[in-house]
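# Understanding the architecture of this molecule
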Number of protein chains: 2
Amino acid sequence: MTQGKLLYAQSGGVTAVINATAAAVIETARSHGVKVYAARNGILGVLREDLIDTSRESTSAVAALHHTPGGAFGSCRYKLKSPQTDDAEYVRLMEVMKAHDIRWFLYNGGNDSADTALKLSRLGRAYGHEIHCIGVPKTVDNDLTVTDCCPGFGSVARYTALSVREASLDVASMSETSTKVFILEVMGRNAGWIAASAGLAGEDADAPPHVILFPERHFDAKAFLAKVKATVQRVGYCTVVASEGIRDADGTLLSDTGSRDAFGHAQLGGVAPLLAQLVNEKLGMKVHWAVPDYLQRSARHAASATDLMQAQAVGKAAVEYALAGMNAVMPVILRERDTPYRWKIAPAPLARIANREKKMPKSFLTRDGFGITAAARRYLAPLIRGEAATPCGKDGLPLHATLKRVAVAKKLVPWKER
Amino acid sequence: MTQGKLLYAQSGGVTAVINATAAAVIETARSHGVKVYAARNGILGVLREDLIDTSRESTSAVAALHHTPGGAFGSCRYKLKSPQTDDAEYVRLMEVMKAHDIRWFLYNGGNDSADTALKLSRLGRAYGHEIHCIGVPKTVDNDLTVTDCCPGFGSVARYTALSVREASLDVASMSETSTKVFILEVMGRNAGWIAASAGLAGEDADAPPHVILFPERHFDAKAFLAKVKATVQRVGYCTVVASEGIRDADGTLLSDTGSRDAFGHAQLGGVAPLLAQLVNEKLGMKVHWAVPDYLQRSARHAASATDLMQAQAVGKAAVEYALAGMNAVMPVILRERDTPYRWKIAPAPLARIANREKKMPKSFLTRDGFGITAAARRYLAPLIRGEAATPCGKDGLPLHATLKRVAVAKKLVPWKER
């Protein structure tokens with residue numbers, strides 16, 4: 001075993017394939033004789049010195065992570081304070097890394113995690129304990145800069161396009177006497193990447209989805225209702241895909257306004273029921289709506305093989321970069337060509353990714369703002385290709401990893417939660 | 001070609017496998033040299049003399065129906081008037097059958113369709129045109145009597161159990177700092193079969209789903225909140241599966257009350273957001289909710305192989321019964337044993353099925369009413385087994401049948417919609 005350990009942590013919303021990244025990290029590190037610790041519940045586990053010794057997990061358990069959704073070591077939504085205003089947390093993080101001889105830190109998350117990894121990468125020398133920090137990309141929102149796409153996105157994109165195609169066949173077959181308008185709400189607070197992926201379900205004008213609502217465009221009720229009405233008259237039914245993040249002209253989230261009216265709490269979301277109410281009241285049509293919520297980002301059974309391969313590739317590359325002595329970088333996906341789809345992994349400075357957000361280019365939205373362009377299809381199409389098989393047990397349901405999660409003995413005084 | 005034609009119609013809510021039944025009907029009839037007409041949009045198509053000549057569909061197009069969700073020939077929600085009060089519709093149905101020499105009528109639906117098929121079966125002689133009427137079982141609600149289960153149910157059951165298992169991994173991995181309670185709303189207005197199937201996702205007390213809400217039990221907010229709170233304290237999070245049909249002590253649908261408050265229309269449903277609001281307000285926990293709606297019953301990509309086989313078997317048997325001269329019967333599924341699961345198809349009189357509804361036996365619900373018993377597991381487990389593969393195109397999405405739907409030339413005066 002090499003001196004020093006590699007610490008891996010998951011951050012923010014989990015995906016259908018983030019554990020495939022974790023598996024690749026562990027397998028690659030093992031092949032280099034490096035021991036991997038995993039933080040329980042992301043960065044909180046580092047603050048709490050709550051570490052898991054992955055060397056206690058069997059080869060088959062680690063292999064099973066490749067087809068297990070969710071975050072096997074626990075993730076968290078926790079914003080570290082800025083070291084300028086209060087560096088206690090960063091001091092603690094370094095103490096824990098030093099105490100356990102962590103030489104390499106891999107932080108698997110979005111732009112916020114990239115920022116954390118970047119800050120830590122700069123503290124090493126100051127604290128007399130050099131660590132190499134690598135950001136590992138993960139987000140269903142597909143909103144990281146530099147990288148062509150984000151592991152996790154391709155699978156939710158495939159789930160969304162697939163669901164639109166299947167459910168629309170249902171709606172189409174009954175629209176004569178039943179539901180005329182079907183509204184599917186998908187994730188995406190600020191960027192409409194997931195909503196856009198629904199467009200892959202069909203290409204010609206009469207194929208579903210007929211209307212896509214993006215957070216990049218202000219919601220125009222009048223234009224929306226006109227489009228829905230015209231579609232029902234022409235096609236017989238209308239499938240609408242709405243991003244949870246659509247906003248009115250004032251920039252207010254519809255889900256917020258709706259939440260206050262109906263549920264009292266914005267966090268409960270629910271753009272679909274509001275749109276359903278609008279269509280039902282203004283057009284007098286029968287409407288059904290669906291909100292898959294977590295189902296969409298945990299649907300490993302419908303994952304994209306391309307997405308899975310990329311999730312594994314960034315995990316493998318992250319370890320190789322770390323062991324090669326790189327610091328403050330992220331393995332990103334670079335697209336070499338659209339057709340046939342070719343991509344490669346390359347290191348990019350965290351400084352170019354931290355706290356930045358990639359929105360959809362205007363060229364991806366049709367002029368009326370209700371659909372995606374050929375350029376968007378060229379970009380999105382390769383990301384949902386291929387089926388990533390999930391082994392099923394004799395109960396007929398997908399098999400998932402069962403980990404021991406053996407805790408590493410603590411060496412420091414307990415962290416005071418603040 | 002044999003004299004006379006076989007007419008096939010789909011009725012009510014469609015499923016992930018009703019087209020597999022249609023395919024089996026067409027393939028079996030073809031093997032007997034019998035031409036199959038399909039009514040467009042169910043019984044409405046018969047009234048309107050809007051018939052599709054399936055002999056114009058290629059062998060491969062018909063084969064593709066085996067993996068195409070929705071209702072390929074169109075279904076409808078249309079309640080025929082009682083022949084006692086107004087027999088005009090039944091008279092018209094017989095005229096259309098007579099005009100097109102329909103000797104066999106296969107009606108693919110639930111207990112209401114069974115009633116229609118039964119009534120028609122009795123009219124033949126009176127109208128001087130003998131037809132053999134066969135009811136073909138189909139319903140995701142699994143509420144038909146006599147048959148052990150209903151084609152369509154096993155697949156939505158598998159989708160539900162699978163979704164609970166996947167989404168719960170997501171919730172579990174973030175519950176420390178994010179969502180503590182996840183609520184999944186499933187179909188089932190009067191019978192909790194689909195909600196019960198969620199129980200197959202996990203068996204021990206700490207495995208999700210932790211709480212199932214059935215329409216068979218009055219919703220007790222106090223007991224529900226206590227169970228959720230205790231589960232979060234013990235497990236760290238709580239997955240709730242709620243049937244859309246849960247009612248309060250007065251028998252009022254929660255979704256109705258909720259719909260009036262929030263959306264104004266009962267049909268828009270939404271038990272999950274109401275429960276989410278309740279949990280959030282009373283327990284102060286972060287809650288997420290999902291309503292897959294049509295996604296659950298059109299998820300052919302996640303269909304159960306057992307369900308698919310049974311959907312095909314009832315289609316094949318229905319044709320054989322009809323051609324053998326049987327009348328007013330339905331091919332039902334009889335369970336011979338639980339383990340190993342053995343079943344067979346046998347004819348049952350429509351009179352024993354028409355307008356009746358099968359609820360879950362009390363013995364299937366745990367004493368506290370929040371879970372399923374071992375008896376329920378024995379019944380449900382075999383129905384979700386096996387993966388029913390769906391071929392995917394190069395776009396990475398499931399391939400579905402494309403039909404010509406060539407109309408049969410009309411011979412009668414147009415039907416006046418009334």
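Residues numbered from 1 in each chain as written. Chains lettered and ligands numbered in written order. Predicted model: local features only at pLDDT ≥ 70, side-chain atom pairs only at ≥ 80, totals over all residues. Heavy atoms only, no water.

Per an unreviewed UniProt entry, chain A goes by the name Pyrophosphate--fructose 6-phosphate 1-phosphotransferase and belongs to Oleiagrimonas soli. According to the UniProt record, the Subunit (unreviewed entry) comment for chain A is "Homodimer." What UniProt records for chain A under Cofactor (unreviewed entry) is the sentence "Mg(2+)". (UniProt positions renumbered as here; feature names shortened; annotations may be inferred.)

Side-chain pairing between opposite charges can occur once the charged atoms of the two side chains come close. Applying the stated criterion across every chain yields a total of 33 salt bridges over all chains. A salt bridge links Glu-320 of chain B to Lys-316 of chain B, with the shortest nitrogen-to-oxygen separation between them at 2.8 Å. Residue Glu-320 of chain B and its partner Lys-316 of chain B are both found in helix α12 (residues 305–323); the two are separated by four residues, about one turn of the helix. Classification of Glu-320 of chain B by relative accessible area gives partly exposed; the value is 30%. The structure contains a network of salt bridges with shared partners spanning Arg-48 and Glu-417 of chain A together with Glu-176 of chain B. (Salt bridge = Lys/Arg side-chain N within 4 Å of Asp/Glu carboxyl O. Helix = DSSP H or I, 4+ residues; strand = E, 2+ residues; numbered from the N terminus. Buried < 20%, exposed > 50% of the residue type's maximum accessible area, 1.4 Å probe, protein only.)

A few words now on the relation of the copies chain B and chain A. Each copy superposes on the other: chain B lies on chain A with an RMSD of 0.0 Å after a rotation of 180° and an axial shift of 0.0 Å. On this basis, the relationship between the two copies can be described by a two-fold rotation axis. Of all interface residues in chain B, 99% are interface residues in chain A too; the two copies therefore contact each other through one and the same surface. (Least-squares fit on C-alpha atoms with pLDDT ≥ 70 in both. Contact = heavy atoms within 4.5 Å.)

All right, on to the packing of helix α1 (residues 18–31) of chain B against α12 of chain B then. Residues and elements named next belong to chain B. In contact at an axis separation of 7 Å, α1 and α12 are set at 35° when each is read in the N-to-C sense. Along this stretch, α1 crosses α12, giving a crossing that reads as right-handed. In this structure, α1 contributes Ala-20, Thr-21, Ala-24, Val-25, Thr-28 and Ala-29 to the contact, and α12 contributes Leu-308, Ala-311, Gln-312, Val-314, Gly-315, Lys-316, Val-319 and Glu-320. Each residue belonging to the contact of α1 with α12 can be placed in one class, and the counts come to eight nonpolar, four polar and two charged. (Axes fitted to C-alpha atoms, helices over the stretch in contact; angles between N-to-C directions. Left-handed = near helix turned anticlockwise from the far one by under 90°. Nonpolar A, V, L, I, M, F, W, Y, C, P; charged D, E, K, R; others polar.)

With that settled, consider the pairing of strand β8 (residues 238–243) of chain A. Residues and elements named next belong to chain A. In terms of residue burial, β8 counts as a mostly covered element, since six of its six residues are buried. Going residue by residue along β8, you find Cys-238, Val-240 and Ala-242 tucked away on one face and Thr-239, Val-241 and Ser-243 tucked away on the opposite face as well. Direction of pairing for strand β6 (residues 181–186) relative to β8: parallel, over a ladder of six bridges. Each bridged residue has a counterpart across the sheet, and for Val-181 the counterpart in β8 is Cys-238. Two elements, strand β7 (residues 211–213) and β8, share three bridges in a ladder whose sense is parallel. Following the sheet pairing, Leu-213 is matched in β8 by Ala-242. Regarding the hand of the β-α-β motif, the stretch spanning β7, helix α8 (residues 221–235) and β8 is right-handed. (Pairing = 2+ DSSP bridges. Right-handed = clockwise from strand over helix to strand, strands pointing away.)

Looking now at the domain arrangement of chain A. Residues and elements named next belong to chain A. In terms of domains, chain A is made up of domain 1 (5–139 + 301–356) and domain 2 (153–299 + 372–384). Here the C-alpha centre of domain 2 lies 33 Å away from the C-alpha centre of domain 1. With 17 residues of domain 1 at the interface, the matching set in domain 2 holds 13 residues. Taken together, both faces of the contact between domain 1 and domain 2 bury some 1,300 Å²; the carbon and sulfur share is 48%. On the domain 1 side of the contact with domain 2, Ala-302, Ser-304 and Arg-335 bury the most area, a combined 34% of that side's loss. At the boundary of domain 1 with domain 2, the tally comes to 12 residue pairs in polar contact (both at pLDDT 80 or more). Across the side of domain 1 that touches domain 2, the residue classes tally to seven nonpolar, six polar and four charged. (Domains from an automatic or database assignment. Buried area = accessible area lost by both parts, 1.4 Å probe. Polar contact = N/O pair within 3.5 Å; in protein donor to acceptor, adjacent residues only side chain to side chain.)

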